Amino acid sequence: MEMNLKTGGSTMARSKTKKPVYKRFWFWTILILAMLVIGNLGDEGSTEQTESTSNSEQVASEESESKEEVEASTKEKDKKENSETGSEKASKEKKEENNKITTSQKNAVQEAEDYLEFSAFSREGLLNQLSSEAGSGYPREDAEYAVNQLKVDWNEQAVKSAENYMDVSAFSEQELKQQLTSDAGEGFTEEQAQYAIDQIDFSKEETVSEESSEESSADSSESESDMTTSQKNALQEAESYLEYAAFSKLGLIDQLSSDYGSGYPQEDAEFAVNQLDVNWNEQAVKSAENYLEYSSFSESGLKQQLTSDAGEKFTEEQAQYAVEQMNFGGNESSSNESSDDDGSSDGSMTKSKQNAVAQAESYLEFSAFSKKGLIRQLSSDAGSGYPREDAEFAVNQLDVDWNEQAVKSAESYLDTMSFSRDGLIQQLSSDAGNGFTREQAEYAADQVGL
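Residues numbered from 1 in each chain as written. Predicted model: local features only at pLDDT ≥ 70, side-chain atom pairs only at ≥ 80, totals over all residues. Heavy atoms only, no water.

K.L.:
What should I look at first to understand the overall build of the protein chain in this one?
P.N.:
Regarding its fold elements, the protein chain presents 21 helices and 4 strands. Nonlocal contacts in the protein chain, meaning residues at least 24 apart in sequence, comprise 56% of its contacts between residues at least 6 apart. Looking at the protein chain as shown, the accessible area adds up to about 28400 Å², and 46% of this sits on carbon and sulfur atoms. (Helix = DSSP H or I, 4+ residues; strand = E, 2+ residues; numbered from the N terminus. Contact = heavy atoms within 4.5 Å. Areas by Shrake-Rupley, 256 points an atom, 1.4 Å probe, with all protein chains shown as cover.)

Below is the structure:
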C-alpha cells in the first residue's frame, strides 16, 4: 500500500518537476527560425512594396507621359483639323467669291492682263481702255473690279510708257511729263510721271552721225559731234516743226523753249536752231503765203504780222522780202466787175485791192460800220493798213445798206448804255464816233424808238 503510494507519489513528483515548453531548447530554436522566416518575409514584403511603389510611380509617370502625348496629339489633331477647317473655309469662301464673279468681270480681268502684256498703261488709262466704247466697252464697275485685281507697279508702267515715247519721237522733259499726265495722253499721276522722267537721262551725251554733223549749220559756232539727249531731241523736233510750218529763227527758238511749246531749256533750243541750215527769207515767204491763204492783209498789215513779237518775229528785211514776193501791186482777175463811184468798171484788181475787198466783207460780218468808218478801218495803221485808194476801192465794191448798218450800230450802243435821241444821233454821225451821215443817224434813231 505504502509502496504504491510512494510510487504514485514519486510519479506525481516527477510530473510536477517537468520543464515548461518555453524552457525547452527546441522551442527557442523553432521560435528563432520562425522569427528569421518572418523577418525574411518582411524584407521581401518591403522590397515588393518598394518595387510596387516604384512600379506605381513608373506607371504613373508613364501614364502622365502618355496623357501628355495624348493631349499633345489631341491638340495637334485639333490644330490640324482647325487648319484643315480654316483652309477648307478659306477655299470655300474663295469658291463662293469666285462664284460671285460675273463672266463680264472675269473677262475684264483677263483682258486687262492681256493689255499689260503688250503695252504700258496707267491705272486710269487701263480703266478707260477697258470701259470706253473705243476700247473694250466693259461696264465701268467691271473695269474697276478688274484693275483692282491686278498687282501692278504703276511707276514702272510710267517708265515703260516714257521709253516708248522716246523711242518714236523727240520730247523735252516738260513735253514728256505733259504727255504722260494729260487726259489726252496717258493719265499717269504727277508723281508717276516724274518718277519716269527721273529714270531718263536727258543730260546724257549721245554721238551724232557724220551725216547729221554735215547737215549742221555752217555758221554755227557749236558744230560738236556730241550732244545731250535734250539737245538731240530739240534738234529733231526743230526739224519736225519746219516740215509742217514756217518759222523765223526767233519764232522757232520760242516754240522749242516756251511753256506753250516744247519746253526745252533755252540753251538747248538755241543750240538746236543753230545746227539747222535754213533760209529764213524763204521761211518768211511761206509764212506770208499762209497768212494770205486764210485771211486778207494789206502790205503793211502783213509786214507787221511777220515782224511783231505777237506775230512771227521775222526781221524787217526778211518780212520785206516776203511782202515783195506777194506782188501786192500786180493785177489779178476778179469774178466781180469793180466799179468806181462814177460807175466806171475794171475787170481786174491788184492783190492789195482784192485783199481789201475780202477784209471789208469780213469786218461787216462781225460788226456794223458806216462807209467812212469802214474805209478808215481798212486804211489806218491801227486797222488793216491798206493804202487809202485800195480801201476806198474795196468799200465801193460792196453792196451795203448803210441805213441798216446805222440801225445795227444804234442797237449795239443801246444794249450797253443809255442815250437821248440827240446824243445817239451825235454818236453815230460824229467823226469821233461812227461816221454815219446825219440822215443815216436820224433813220437809225427813228427805228430804235428815240
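From this point, things continue past the structure.
K.L.:
How do you make sense of a negative patch on the surface when you look at a structure like this?
P.N.:
A cluster of acidic residues, Asp-399, Asp-401, Glu-404, Glu-411 and Asp-415, forms a negative patch on the protein surface. Topologically, Asp-401 is positioned in the loop between α18 (388–396) and α19 (402–416). Given a relative accessible area of 43%, Asp-401 falls into the partly exposed group. (Patch = residues over 30% accessible without salt bridge, like charges linked within 9 Å, V, L, I, M, F, W, Y side chains within 5 Å. Salt bridge = Lys/Arg side-chain N within 4 Å of Asp/Glu carboxyl O. Lys, Arg positive; Asp, Glu negative; His and termini not counted. Charge placed at Lys NZ, Arg CZ, Asp CG, Glu CD. Buried < 20%, exposed > 50% of the residue type's maximum accessible area, 1.4 Å probe, protein only.)

K.L.:
Would you take a moment to explain the packing of aromatic side chains for this structure?
P.N.:
The relative placement of two aromatic rings is captured by the distance of their centres and the angle of their planes. Applying the stated criterion to the full structure yields 6 aromatic pairs. Summarising the aromatic geometry, the rings of Tyr-165 and Phe-171 are spaced 5.5 Å apart at their centres and angled 70 degrees between planes, so their arrangement reads as edge-to-face. Residues Tyr-165 and Phe-171 agree in their burial class; the two are buried. Here the aromatic rings of Tyr-363 and Phe-369 are separated by 5.8 Å at their centres, their planes lie at 55 degrees, and the arrangement is tilted. Here Lys-353 stacks its cationic end above the ring of Phe-393, 4.8 Å away from the centre of that ring. (Phe/Tyr/Trp six-rings, centres within 6.5 Å; stacked < 30°, edge-to-face > 60°. Lys NZ or Arg CZ within 6 Å of the ring centre and 35° of its normal.)

K.L.:
Sorry, what's going on with the packing of α19 against helix α20 (residues 421–429) here?
P.N.:
The description of two helices packed together rests on the angle between their axes and the distance between the axes. Here α19 crosses α20 at 120 degrees, and the two axes come no closer than 11 Å. By the angle between their axes, α19 is oblique relative to α20. Two packed elements cross with a definite hand, and for α19 against α20 that hand is right-handed. In this structure, α19 uses Ala-406, Ser-409, Ala-410, Tyr-413 and Leu-414 to contact α20, whose residues at the interface are Leu-424, Gln-427 and Leu-428. Of the residues belonging to the contact of α19 with α20, the class tally is 6 nonpolar, 2 polar and no charged. (Axes fitted to C-alpha atoms, helices over the stretch in contact; angles between N-to-C directions. Parallel < 35°, antiparallel > 145°, perpendicular 65-115°, else oblique. Left-handed = near helix turned anticlockwise from the far one by under 90°. Nonpolar A, V, L, I, M, F, W, Y, C, P; charged D, E, K, R; others polar.)

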